[in-house]
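Here is how the chains run, residue by residue.
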Amino acid sequence: MKLSFDVVELGPVDHPEIGEKAPDFTRPLVNDEYWEDVSLSELTNDRPVVLVFHPMDGDFPATYIWQEIRDREWDEYDAEVVGLSISTPYEHSRFLEEWDVESFRLFSDPGNEVAERYGIAHELDGMSGIEEPRPAVFVIDEDRTIETGWVATEWPEFPPYDDIESAIEGL
């Protein structure tokens, strides 16, 4: 069986821009062993945050994004790199272990409310009423100011990793 897909243009978005405050939220933050409710502002109190919105666990873009982030060793930067998707804490825990990305944590947002607040919610083709965040990355400083951001304009599309790394290094 041959898998194929078409590149799909995504509609316009109204996401937070560079220099704006990143919307705060509280959701379960998952590692490979447990989860607890944590707010974005709690994380930015400690250090800058790289917030990576990704499709649901098990979708190939999510796997590709996190393997690339792992291979580029983003966990070595002086910033907290966290993901966010509609997947449940149980799915996130399995995903982290299965794809050997346990050095990162993932927010669970099954209702997709955070993506809606960030203006990047995307309705899945052929699945009426089911949304997930489109791929996006926001580099956020300790004041929750967005230093750089990228939001996908088509599916599938992957982050400009080199540009994001430059922004992280510039924090």
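Treat the numbers as computed from the prediction; the structure is a model and nothing was measured.

(A) Representation of the nonpolar core. Grouped together as the largest cluster of nonpolar side chains are 25 residues, with contacts concentrated most on Val-50, Val-52, Trp-66, Ile-69, Trp-74, Val-81 and Ile-168. Setting aside chain neighbours within four positions, we find Val-81 in contact with Val-50, Val-52, Trp-66, Ile-69, Trp-74, Phe-104 and Arg-105.

(B) The environment of Thr-148, seen in detail. Within the secondary structure layout, Thr-148 lies in strand β10 (residues 146–151). Look past the residues within four positions of Thr-148 in its chain and what remains in contact with it is Ile-18, Val-137, Phe-138, Val-139 and Ala-167.

(C) Broad picture of unusual backbone geometry. Residue Pro-156 is reached from Trp-155 by a cis peptide bond, and omega for that bond is -5°. Relative to the elements of secondary structure, Pro-156 occurs in the loop between β11 (154–155) and α5 (161–169). Although it is not a glycine, Glu-73 sits at a positive phi angle of roughly 60°. Summarising the element assignment, Glu-73 is placed in the loop between α2 (60–71) and β5 (80–85). Residue classification places Glu-73 among the partly exposed positions, given a relative accessible area of 47%. With phi around 55°, Asp-100 is a residue other than glycine that occupies positive phi space. Mapped onto the secondary structure, Asp-100 falls in the loop between α3 (89–98) and β6 (105–108).

(D) A look at the side chain of Glu-80. Mapped onto the elements, Glu-80 comes out in strand β5. Only 2.9 Å separates the side chain of Glu-80 from the side chain of Arg-105, close enough to count as a polar contact. Apart from residues lying up to four places away in sequence, Glu-80 is in contact with Leu-43, Arg-47, Pro-48, Val-49, Val-50 and Arg-105.

(E) Representation of the packing of aromatic side chains. If you walk through the whole model with that rule in mind, you get eleven aromatic pairs. Seen in terms of ring centroids, Phe-25 and Phe-107 are 4.9 Å apart; in terms of plane orientation they differ by 75°. Their pairing is edge-to-face. Of this pair, Phe-25 sits in the loop between β1 (8–9) and β2 (26–30) while Phe-107 sits in strand β6, placing them 82 residues apart in sequence. One exposure class covers both Phe-25 and Phe-107, and it is buried. Consider the rings of Trp-74 and Tyr-161, whose centres lie 6.1 Å apart with planes at 65°: the pair is edge-to-face. Here Tyr-161 lies in helix α5 and Trp-74 lies in the loop between α2 and β5, a separation of 87 residues in the sequence. Taking relative accessible area as the criterion, Tyr-161 reaches 7% and is therefore assigned buried. Each member of the aromatic cluster is reached from another via a ring pair, and the members are Phe-25, Phe-53, Phe-107, Tyr-118 and Phe-138.

How each quantity is defined
- Residues numbered from 1 in each chain as written.
- Predicted model: local features only at pLDDT ≥ 70, side-chain atom pairs only at ≥ 80, totals over all residues.
- Heavy atoms only, no water.
- Core = buried A, V, L, I, M, F, W, Y, C linked by side-chain atoms within 4.5 Å.
- Buried < 20%, exposed > 50% of the residue type's maximum accessible area, 1.4 Å probe, protein only.
- Contact = heavy atoms within 4.5 Å.
- Helix = DSSP H or I, 4+ residues; strand = E, 2+ residues; numbered from the N terminus.
- Polar contact = N/O pair within 3.5 Å; in protein donor to acceptor, adjacent residues only side chain to side chain.
- Phe/Tyr/Trp six-rings, centres within 6.5 Å; stacked < 30°, edge-to-face > 60°.

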